[in-house]
Amino acid sequence: MFHKEGAKIILIALAVTVGVVILSEQFIHNFWLLKTIQVFALIFLILILQFFRNPKRYTDVAEHTIIAPVDGKVVVIEEVYEPEYFKDKRLQVSIFMSPINVHVTRYPVNGLVKFSKYHPGKYLVAWHPKASEENERTTIVIENSYFGEILYRQIAGALARRIVNYAREGMQAIQGTDAGFIKFGSRVDLFLPLGTEVNVKLNQKAVGGKTVIAIKK
């Protein structure tokens, strides 16, 4: 299953691949060169398909848990000052996505979307300390009955050139459902209340919609 945001790119990649295969048969007579070009064309198509894959996942929906919004590696767990919305200290948990990860964003909690804003910006590498403040990004705040307000931020990376965000102010977010997509390499930051008991460790691999980031007992 593939994400709807990849439909246009997948069709273009398929057309390019078919075109390369057919035209190379007509104009290239060296067998090894012909097969090399065709193999690279197929690899290109496979890479596009794997990037836009959207595996079906069942989320154990629970008000008292925060789940990973994306697939990737946990690269930050620290107290920081959040300057855009809270304007105070929060616990930041960041997940870095490589180009081979699933890039679907999922709602980390149930609740009311209180804030949703897009920011144009730079395209620093996603793990850069300033990426959260200077890169193209979206900021979304969801009010949850257990944790209060939870902020997550989709951040474009050096390769990303489009962030898709489905969250709209006033809507009800359902934990684990499709919240958007980031095309080609990125990061998502979570900002949680101080004192939140984190359930993950640095360098741990997170699975979007499955891995429990925090739990409130």
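Our subject is the structure that appears above.
Residues numbered from 1 in each chain as written. Predicted model: local features only at pLDDT ≥ 70, side-chain atom pairs only at ≥ 80, totals over all residues. Heavy atoms only, no water.

It is worth spelling out the overall build of the protein chain at this point. When you go through the protein chain residue by residue, the secondary structure sums to three helices and 13 strands. Classification of the 217 residues of the protein chain by burial places 47% in the buried group. For the protein chain, contacts bridging at least 24 residues in sequence account for 72% of all contacts bridging at least 6. A total of about 11,000 Å² of accessible surface is found on the protein chain, and carbon and sulfur atoms cover 63% of it. (Helix = DSSP H or I, 4+ residues; strand = E, 2+ residues; numbered from the N terminus. Buried < 20%, exposed > 50% of the residue type's maximum accessible area, 1.4 Å probe, protein only. Contact = heavy atoms within 4.5 Å. Areas by Shrake-Rupley, 256 points an atom, 1.4 Å probe, with all protein chains shown as cover.)

Below, the discussion takes up helix α2 (residues 31-51). Along its 21 residues, α2 runs 30 Å from first to last C-alpha, staying within 8% of the 30 Å computed at 1.5 Å per residue. Along α2, the positions that sit buried rather than exposed are L34, Q38, A41, L45, I48 and F51. Buried residues of α2 fall within an arc of 160° about the axis and therefore sit on the same side. Residues W32, F40 and I46 are exposed on α2 and point more than 90 degrees away from its buried face. Each element contacted by the buried residues of α2 is listed here: α1 (7-27) and β10 (178-183). The backbone nitrogen of W32 has a side-chain oxygen 3.1 Å away, supplied by the residue at the start of α2, namely N30. (Expected span 1.5 Å × (residues − 1). Arc of directions from axis to C-beta. Polar contact = N/O pair within 3.5 Å; in protein donor to acceptor, adjacent residues only side chain to side chain.)

Here we come to the pattern of salt bridges. The tally for this structure, following the rule as stated, stands at seven salt bridges. One salt bridge in this structure joins D71 and R57, with 2.7 Å as the shortest N-O distance. Highlighted residues: D71 in the loop between β1 (65-67) and β2 (72-82) and R57 in the loop between α2 and β1, separated in sequence by 14 residues. Judged by relative accessible area, R57 falls into the partly exposed class, the value being 27%. With a shortest N-O distance of 3.6 Å, K114 and E143 are connected by a salt bridge. Residue K114 is found in strand β5 (residues 111-119), and its partner E143 is found in strand β6 (residues 137-144); the two are separated by 29 residues along the sequence. Through salt bridges with shared partners, a single ionic network connects E82, E84 and R153. (Salt bridge = Lys/Arg side-chain N within 4 Å of Asp/Glu carboxyl O.)

None of the figures reported here should be taken as evidence of function without further support.
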